[in-house]
Protein chains: 2
Amino acid sequence: MIKIAVDVMGGDYAPSSVLKGIELSLQALPDCQIYAVGPQEICQSLASHERVKVISTEEVVRMEDSPHESLKKKRRASLFLGLDLLREGKAQSYVSAGNSGAVVAGSIFLLGRLKGVRRPAIATLLPTLKKPMVLIDAGANVDSKPYDLYQFGHMASLFLEKIWGRKNPKIALLSIGEEEGKGNQLVKRAHQLFLKSSLNYVGNIEGRDIYLGNVDVVVCDGFIGNICLKLSEGLAETILLMLREEVKKSFCSLLGLYLAKSALKNFKKKTDWREYGGAPLLGVKGNVIIAHGKSDALAIKNAILQAYKFAQINLWQRLEEAILAIPPEEENSEA
Amino acid sequence: MIKIAVDVMGGDYAPSSVLKGIELSLQALPDCQIYAVGPQEICQSLASHERVKVISTEEVVRMEDSPHESLKKKRRASLFLGLDLLREGKAQSYVSAGNSGAVVAGSIFLLGRLKGVRRPAIATLLPTLKKPMVLIDAGANVDSKPYDLYQFGHMASLFLEKIWGRKNPKIALLSIGEEEGKGNQLVKRAHQLFLKSSLNYVGNIEGRDIYLGNVDVVVCDGFIGNICLKLSEGLAETILLMLREEVKKSFCSLLGLYLAKSALKNFKKKTDWREYGGAPLLGVKGNVIIAHGKSDALAIKNAILQAYKFAQINLWQRLEEAILAIPPEEENSEA
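Residues numbered from 1 in each chain as written. Chains lettered and ligands numbered in written order. Predicted model: local features only at pLDDT ≥ 70, side-chain atom pairs only at ≥ 80, totals over all residues. Heavy atoms only, no water.

Looking now at the relation of the copies chain A and chain B. Mapping chain A onto chain B calls for a screw motion: a turn of 180° about the axis and a shift of 0.0 Å along it, with 0.0 Å RMSD after fitting. Here the two chains are linked by the operation of a two-fold rotation axis. Among all residues of chain A, the minimum C-alpha distance to the rotation axis is found for Gly256(A), at 1.7 Å. Both copies share a contact surface, since 100% of the interface residues of chain A are interface residues in chain B too. (Least-squares fit on C-alpha atoms with pLDDT ≥ 70 in both. Contact = heavy atoms within 4.5 Å.)

This part is about the pattern of salt bridges. Per the counting criterion, the structure on display carries 28 salt bridges over all chains. The closest approach of N and O atoms between Asp84(A) and Arg75(A), which form a salt bridge, is 2.8 Å. For Glu69(B), the salt bridge is made with Lys73(B), and the minimal N-O distance between the two is 2.8 Å. Placement of the pair is Glu69(B) and Lys73(B) together in helix α3 (residues 67-73), with a separation of 4 residues, close to one helical turn. What makes Glu69(B) partly exposed here is its relative accessible area of 32%. (Salt bridge = Lys/Arg side-chain N within 4 Å of Asp/Glu carboxyl O. Helix = DSSP H or I, 4+ residues; strand = E, 2+ residues; numbered from the N terminus. Buried < 20%, exposed > 50% of the residue type's maximum accessible area, 1.4 Å probe, protein only.)

Interface extent is often summarised as the accessible area lost during association of the parts. With 54 residues of chain A at the interface, the matching set in chain B holds 54 residues. In total, about 5,200 Å² of surface goes out of reach between chain A and chain B, with carbon and sulfur atoms giving 73% of it. On the chain A side of the contact with chain B, Arg208(A), Phe223(A) and Leu231(A) bury the most area, a combined 14% of that side's loss. In this assembly, chain A and chain B are joined by 4 salt bridges. (Buried area = accessible area lost by both parts, 1.4 Å probe.)

Bringing the packing of aromatic side chains into the picture now. The way to describe two aromatic rings as a pair is by their centre distance and the angle between their planes. Within the structure shown, the criterion is met by 8 aromatic pairs over all chains. Here the aromatic rings of Tyr147(B) and Tyr150(B) are separated by 5.4 Å at their centres, their planes lie at 40°, and the arrangement is tilted. Here the residue Tyr147(B) and the residue Tyr150(B) both occupy positions in helix α6 (residues 146-164), the gap between them amounting to 3 residues, near one helical turn. Each member of the pair, Tyr147(B) as well as Tyr150(B), carries the same accessibility label: buried. Geometrically, the ring pair formed by Phe194(B) and Tyr201(B) is stacked, given 4.9 Å between the ring centres and 20° between the ring planes. Each member of the pair, Phe194(B) as well as Tyr201(B), carries the same accessibility label: buried. Three or more aromatic residues joined by ring pairs form one cluster here, namely Tyr147(A), Tyr150(A), Phe194(A) and Tyr201(A). Just above the ring of Trp164(A) sits the side chain of Lys309(A); from NZ or CZ to the centre is 4.8 Å. (Phe/Tyr/Trp six-rings, centres within 6.5 Å; stacked < 30°, edge-to-face > 60°. Lys NZ or Arg CZ within 6 Å of the ring centre and 35° of its normal.)

Attention now goes to the packing of helix α1 (residues 16-28) of chain A against helix α11 (residues 297-312) of chain A. Residues and elements named next belong to chain A. Close contact between α1 and α11 brings their axes to 7 Å; oriented N to C, the two are set at 50°. By the angle between their directions, the pair α1 and α11 is classed as oblique. The two elements α1 and α11 meet at a crossing, and its hand is right-handed. Counting all contacts with α1, which are made through Ser 17, Val 18, Lys 20, Gly 21, Ile 22, Leu 24, Ser 25 and Ala 28, the residues of α11 involved are Ala 297, Ile 300, Lys 301, Ile 304 and Leu 305. Grouping the constituent residues of the contact of α1 with α11 by class yields 8 nonpolar, 3 polar and 2 charged. (Axes fitted to C-alpha atoms, helices over the stretch in contact; angles between N-to-C directions. Parallel < 35°, antiparallel > 145°, perpendicular 65-115°, else oblique. Left-handed = near helix turned anticlockwise from the far one by under 90°. Nonpolar A, V, L, I, M, F, W, Y, C, P; charged D, E, K, R; others polar.)

Let us look at the state of the cysteines. In this structure the tally under the stated criterion is 0 disulfides over all chains. The thiol of Cys43(A) is not disulfide-bonded; the next cysteine sulfur, from Cys32(A), is found 16 Å away. Cys228(A) carries a free sulfur, and the closest cysteine sulfur to it, the one in Cys228(B), is 5.6 Å from it. (Disulfide = S-S within 2.5 Å.)

This paragraph deals with the side chain of Glu206(B). By secondary structure assignment, the location of Glu206(B) is in strand β8 (residues 200-206). At a separation of 2.3 Å, a polar atom in the side chain of Glu206(B) contacts the side chain of Lys230(A). (Polar contact = N/O pair within 3.5 Å; in protein donor to acceptor, adjacent residues only side chain to side chain.)

This part is about the pairing of strand β1 (residues 2-7) of chain B. Residue and element names in this part refer to chain B. Counted residue by residue, β1 has 5 buried out of 6 residues, so it is predominantly covered. Examined bridge by bridge, β1 and strand β2 (residues 32-38) share 6 bridges and lie parallel to one another. For Val 6, the partnering residue across the bridge sits in β2 and is Ala 36. A crossover links β1 with its parallel partner β2, the connecting element being helix α1 (residues 16-28), and its sense is right-handed. Pairing of β1 with strand β4 (residues 93-96) involves 3 bridges; the strand directions are parallel. What sits directly across from Ile 4, in β4, is Ser 93. (Pairing = 2+ DSSP bridges. Right-handed = clockwise from strand over helix to strand, strands pointing away.)

For α11(A), which comprises 16 residues, the first-to-last C-alpha distance of 23 Å matches the rise-based estimate of 22 Å (1.5 Å per residue) to within 8%. Measuring from the side-chain oxygen of the N-cap residue of α11(A) to the backbone nitrogen of Leu298(A) gives 3.2 Å; that N-cap residue is Asp296(A). (Expected span 1.5 Å × (residues − 1).)

Quick look at the environment of Gly183(B) now. Positionally, Gly183(B) belongs in the loop between β7 (170-175) and α7 (185-196). Between the C-alpha atoms of Gly183(B) and Leu173(B), which are 10 residues apart in sequence, the distance is 9.6 Å. With residues near it in sequence (within four places) discarded, Gly183(B) still touches Val142(A), Phe223(A), Ser175(B), Ile176(B) and Lys188(B).

Residues and elements named next belong to chain B. As summarised here, the arrangement of the 11 strands in space is β3-β2-β1-β4-β11-β10-β5-β6-β9-β7-β8, forming an open sheet in which the pairing is mixed. This sheet does not close on itself; its edge strands, each paired only once, are β3 (52-56) and β8. Pairs of neighbouring strands in the sheet enclose a mean axial angle of 25°, with direction left out of account. Sheet analysis places β7 next to β8, joined by 5 bridges and oriented parallel. Counterpart to Leu 174 in the pairing with β8 is Ile 205. Along the sheet, α6 contacts β5 (121-126), β6 (133-136), β7, β9 (217-219) and β10 (279-282); its crossing angle with β9, the most-contacted strand, is approximately 160°.

As a further point, take helix α12 (residues 315-324) of chain A. Those residues of α12(A) that sit buried are Leu315(A), Leu319(A), Glu320(A), Ala322(A) and Ile323(A). Viewed end-on, α12(A) has its buried residues packed into an arc of 165°, placing them on one side of the element. (Arc of directions from axis to C-beta.)

In a beta sheet, neighbouring strands pair by backbone hydrogen bonds and run either parallel or antiparallel. All names here are of chain A. The 11 strands lie next to each other as β3-β2-β1-β4-β11-β10-β5-β6-β9-β7-β8, forming an open sheet whose pairing is mixed. If you trace the sheet from one side to the other, it starts and ends with β3 (52-56) and β8 (200-206), each paired once. Direction aside, the axes of adjacent strands within the sheet are offset by 25° on average.

This is how it looks when you write it as structure tokens:
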């Protein structure tokens, strides 16, 4: 029986989205037990389920709370108690759609980093014209160092190999030109580290080419990664809105839209982040899945399915083994 | 008669795109003279036009050339000779779709920066759900300092007021959260400078909200700005491609697409970067327009129309006056 802890109070649409998502995941996973962490009265609807255990707490970390302040002052919040269950070995994976800064800070503080890892990073799966790829870091760190980017590349490569069975994933650095030597100081130095590595490093990738799907992993600092991710979501929504506005202007186009609606539906499903089940925080001693702040029940369910998969293969333990196997001389750069 | 210098050899589709673009602009602007800078035999088709003067040179800066190496070794390239025409006062504006790094480096070296400006920046107009907005810096600088971002905000604000008549433009800093205190070191420090300024500064903006059109100027470092710009172009293309692929799968959807094609056409025109006429390099002593590397004749024509407008209102001189009027105490941060 795999046990997964879920932060019932995390996310813009919590708790209802999370409660419903837990129900859906229990139907999908017959040998899974859920620790639902949140206020007793809110978790009431789940309490009667034989595979749910409610961990009751009244405290909640809000989206606008400072991660480090929360750790000090709201230590009994659902977001942190869920991490405690991981640390104590009671749960094998943890899902939260709450304040992602607090999940990152809490994971580092309560679980600790993997041996040899300086900064954990969020690995987000993104749809492309070909197969999905990983963007790392999607926002766990700002002001990363070159060696951090280098480790992000290693972690994402291992993640894709272990979880998705993708052989020898192609790694690229996000920059402003494909040519060597294009980029800021951070990227130029990280490039030198990647060149010497055993990874399947293919050089720089430009913003334009991310969604072509020619590489498996795009590595960047979390500040840029987070902006790229949100920009993509916002732009995709805007394009569909603008198209709809244009279509509304003529009856003929409206009819066209109606006829093409199954195609639009397929497209939406293919590009829907909710299908991708949240993003793992790689580099901490635990399987932590950060779900989108706007997660609905479907997104929460898919995040729990991911969490289940990570627990099945002991993701974090295997990452740690693999990271310890990276030759230490590659580490000799504080650049 | 306004005189505009054009780099005939700049851009992925040069020289044919540029030659055609010059012709189109001459038709649109009856009181404009063009200096076409490029090899005599290539400019042959334009030479007979009474309002074209060919400045002949064989040297060309390639897209892959290092900007600073080019300045040393290809000083007679069309890209730089065009800038000479500006410096000598023979032309009032300059357009190039060539190596943008070389245009930036050449402009700084040959024209000089405006008094008080530390780093010139590329200001790109972007379509949004509402009116177009400016993204600055779109790639002139990487590794900017907080005070640079602050000056970018000032320059873009002035540009929007002078050229587009937009009163009191709203300025925002691109970051990973709207809340004060979210962001990397660069953004946090720039935020403090903006707070004290006379600009209509509205705080941070997230990637998700850029295309909503709620602000007039989005300020960021050129590394991020360039990635955002290219990501947007690439994603928009990818979305349309994926939609088309889905639509092709059923006859019904295909028919729908056919019926909606006028709406699609309108949408494409509204979001077409070629309509926006290139991006000015703000902060140098000259009206320099950097056109998209993939410019076709239409994009070149629109860039020349912009260049014409900038010359009409003496853009760079007015920017310099306005920048000198910023209280010097605001400058006291090397942060």
